[in-house]
Amino acid sequence: MARTAQPWFNKQKKVWMVWLNGKRVKLAEGKKNKKAATDRLDELRFEAKHNPHPDTGVATVASVIERYQGFADNRLSASTKASRWPYLQSFAETHGWRSLTEARPDHMQDWLDSHPEWESDWTKNGAIRNVQVAFNWAFKCRLIRDNPFRGVTHQVGEPRRDMTEEEFRAILRVSGSEWRKTKPTPGARFRQVLMFLWYTGCRPGEAAKLRWTEIDFERSLIVLQEHKTRRTQKKPRPRIVPLHPVVVKLLTQLRRRGEGEYVFVNHRKTPWNKNSLSLRVARAREKAGVPDDAKLYGVRHAFGTRAIVAGVDLKTTSELMGHTTTRMTEHYVHLAGQTAHLAAAMRLANAHRPGA
């Protein structure tokens, strides 16, 4: 007779775990929380009992999500899973027990309302999209007859804007002293990432994961074999990021420290991530009196807009930004908002007018 799975404590990670369906599942943190771990295991068993496999014809919200995650686990990048999985898990915990025959669009709205911390329209739209993808996939594969949440949308928020140079400099100023004796302060390490983003236009995630092996100092280039748009390219190719002399100097100084395989690390000598960088920006923004809508990604937006205003053509700007097509880059033409740029285009269009 098969033994019933029991919680066990992982001393290294300091969490209670259990083996379920051949996988290790985290139950609770801390050795003293065995009761919480047992309660969580009971919840998982209840969910498994009431969530049959989609092939049985009585699929539930949680079973469809589980099936999608199994399919996508080896097909999505780690960064995509890191951003999508929490939303799917949250939705499964809220409505996972519902059968698809009784699931309704308003259940997704109830889920959104239960998360007041998701304040911006961009965040709410992202939550909806990350859940919809699982049910759209299941419908496309004919695992379910219909997507019960089809058509659920949220009002589109204001597009994320550029961070202005004045705001950028203000955030740099309040980020702490540059050096403490011979070691850089946490504020100095944070500013180094910001300077890198300002002069390269890289995505925050690209900076956080950047390794020394991806930098070609001889040619002043970064060569990223793995990047966001690689999976959407018909013929995958690396993303090339040319380095400004300011960035070359910065990276040369950082390399002398020899702090591991990652270029940018925090004071604990571990790599930054997008969330930790965003939190640092939020704290610095509050301290500097900078508006709340000046986001970390606004540094990348500012780079794209500066390129367009400076006269860099759309195709080249697209390459610099790492876009698959110029369709994404066209957004920066509108962000530029420069009448001089439009006037120059008008003069060019009328250079050979009749009778000239």
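This structure is a prediction, so every number in the text was calculated from the model and none was measured.

### Brief notes about the overall build of the protein chain
Then, number 1: A tally of helices and strands in the protein chain yields 14 helices and eight strands.
Then, number 2: Here the protein chain holds 356 residues, and the buried ones make up 40% of them.
Then, number 3: The contacts in the protein chain between residues at least 6 apart in sequence include a share of 54% that link residues at least 24 apart.
Then, number 4: When the accessible surface of the protein chain is totalled, it reaches about 22100 Å², and 53% of it is carbon and sulfur.

### Here's the deal with the pattern of salt bridges
Then, number 1: By the definition in use, this model includes 16 salt bridges.
Then, number 2: One salt bridge in this structure joins Lys 26 and Glu 29, with 2.8 Å as the shortest N-O distance.
Then, number 3: Take Lys 26: its relative accessible area is 47%, and that puts it in the partly exposed class.
Then, number 4: In this structure, Asp 73 and Lys 81 form a salt bridge, with 3.2 Å as the shortest nitrogen-oxygen distance.
Then, number 5: The exposure class assigned to Asp 73 is partly exposed, which follows from its relative accessible area of 34%.

### Some words on the environment of Val 223
Then, number 1: Tracing the backbone through its elements, the reader meets Val 223 in strand E7 (residues 221-224).
Then, number 2: Under the relative-accessibility criterion, Val 223 is labelled partly exposed at 21%.

### Things to note about unusual backbone geometry
Then, number 1: For Lys 14, which is not glycine, the phi torsion reads 60° and is therefore positive.
Then, number 2: Inspection of the secondary structure assignment puts Lys 14 in the loop between strand E1 (8-10) and strand E2 (15-20).
Then, number 3: Using a relative accessible area of 57% as the deciding quantity, one classes Lys 14 as exposed.
Then, number 4: In the Ramachandran plot, Ser 220 falls in the positive-phi region, its phi being about 55° despite a non-glycine side chain.
Then, number 5: Here Ser 220 lies in the loop between strand E6 (215-216) and E7.

### Remarks on the sheet that holds E6
Then, number 1: Pairing is antiparallel in the open sheet, where three strands are placed in the order E6-E7-E8. Strands at the two margins of the open sheet, each flanked by one partner only, are E6 and strand E8 (239-242).
Then, number 2: Where E6 meets E7, two bridges bridge the pair, whose relative direction is antiparallel. Within E7, the residue paired with Ile 215 across the bridge is Ile 222.

### A short note on a negative patch on the surface
Then, number 1: Residues Glu 117, Glu 119, Glu 286 and Asp 292 make up a contiguous surface patch of negative charge.
Then, number 2: Tracing the sequence through the fold places Glu 119 in the loop between helix H4 (105-113) and helix H5 (121-140).

### Topic: the confidence of the model for the protein chain
Then, number 1: Of all residues in the protein chain, 83% attain a pLDDT of 70 or more, and the chain-wide mean is 83.
Then, number 2: The secondary structure element of the protein chain with the lowest average pLDDT is strand E4 (residues 179-180), at 46, and the one with the highest is E6, at 94.

### A short note on the packing of helix H3 (residues 78-95) against H5
Then, number 1: Two elements in contact, H3 and H5, have axes separated by 9 Å at closest approach and are oriented at 80°. Here H5 runs roughly perpendicular to H3, going by the angle between their axes. In this structure, H3 uses Arg 84, Tyr 87, Leu 88 and Phe 91 to contact H5, whose residues at the interface are Thr 123, Ala 127, Asn 130, Val 131, Val 133, Ala 134 and Phe 135.
Then, number 2: A class-by-class count of the residues in the contact of H3 with H5 yields eight nonpolar, two polar and one charged.

### Topic: the packing of aromatic side chains
Then, number 1: Across all of its chains, the model carries 13 aromatic pairs by this definition.
Then, number 2: When the ring of Phe 91 is compared with that of Trp 111, the centres are 5.0 Å apart and the planes differ by 75°; the resulting orientation is edge-to-face. In this pair, Phe 91 is assigned in helix H3 and Trp 111 in helix H4, connecting sequence segments 20 residues apart.
Then, number 3: Exposure remark for Phe 91: the relative accessible area of 0% places this residue in the buried category.
Then, number 4: By relative accessible area, which is 0% here, Trp 111 ends up buried.
Then, number 5: Ring geometry for Phe 190 versus Trp 272: centroids 6.3 Å apart, planes at 45°, classification tilted. Remark: Trp 272 occurs in the loop between helix H9 (245-257) and helix H10 (274-288) and Phe 190 occurs in helix H7 (residues 186-200); sequence separation between them is 82 residues. Taken individually, Phe 190 and Trp 272 each receive the classification buried, so the pair is uniform in this respect.
Then, number 6: Ring pairs connect the aromatic residues Tyr 87, Phe 91, Trp 111, Trp 118, Phe 135 and Phe 149, which therefore count as one cluster.
Then, number 7: Sitting over the ring of Phe 217, Arg 255 keeps its end group 3.9 Å from the ring centre.

### Regarding helix H11 (residues 297-309)
Then, number 1: If you check H11, its first and last C-alpha atoms are 19 Å apart, about what 13 residues at 1.5 Å a residue would give, namely 18 Å.
Then, number 2: Counting buried residues in H11 gives 10 out of 13 residues, a clear majority hidden from the surface.
Then, number 3: Gly 298, Val 299, Arg 300, His 301, Ala 302, Phe 303, Gly 304, Thr 305, Ala 307 and Ile 308 are the residues of H11 that are buried.
Then, number 4: Two residues or fewer past H11, Gly 311 is found with a positive phi of approximately 100°.

### Here's the deal with helix H6 (residues 165-173)
Then, number 1: Those residues of H6 that fall on the buried side of the exposure criterion are Glu 167, Phe 168, Ala 170, Ile 171 and Leu 172.
Then, number 2: The elements touched by buried residues of H6 are H7, H10 and H11.

Rules behind the numbers
- Residues numbered from 1 in each chain as written.
- Predicted model: local features only at pLDDT ≥ 70, side-chain atom pairs only at ≥ 80, totals over all residues.
- Heavy atoms only, no water.
- Helix = DSSP H or I, 4+ residues; strand = E, 2+ residues; numbered from the N terminus.
- Buried < 20%, exposed > 50% of the residue type's maximum accessible area, 1.4 Å probe, protein only.
- Contact = heavy atoms within 4.5 Å.
- Areas by Shrake-Rupley, 256 points an atom, 1.4 Å probe, with all protein chains shown as cover.
- Salt bridge = Lys/Arg side-chain N within 4 Å of Asp/Glu carboxyl O.
- Pairing = 2+ DSSP bridges.
- Patch = residues over 30% accessible without salt bridge, like charges linked within 9 Å, V, L, I, M, F, W, Y side chains within 5 Å.
- Lys, Arg positive; Asp, Glu negative; His and termini not counted.
- Charge placed at Lys NZ, Arg CZ, Asp CG, Glu CD.
- pLDDT = per-residue confidence, 0-100.
- Axes fitted to C-alpha atoms, helices over the stretch in contact; angles between N-to-C directions.
- Parallel < 35°, antiparallel > 145°, perpendicular 65-115°, else oblique.
- Nonpolar A, V, L, I, M, F, W, Y, C, P; charged D, E, K, R; others polar.
- Phe/Tyr/Trp six-rings, centres within 6.5 Å; stacked < 30°, edge-to-face > 60°.
- Lys NZ or Arg CZ within 6 Å of the ring centre and 35° of its normal.
- Expected span 1.5 Å × (residues − 1).

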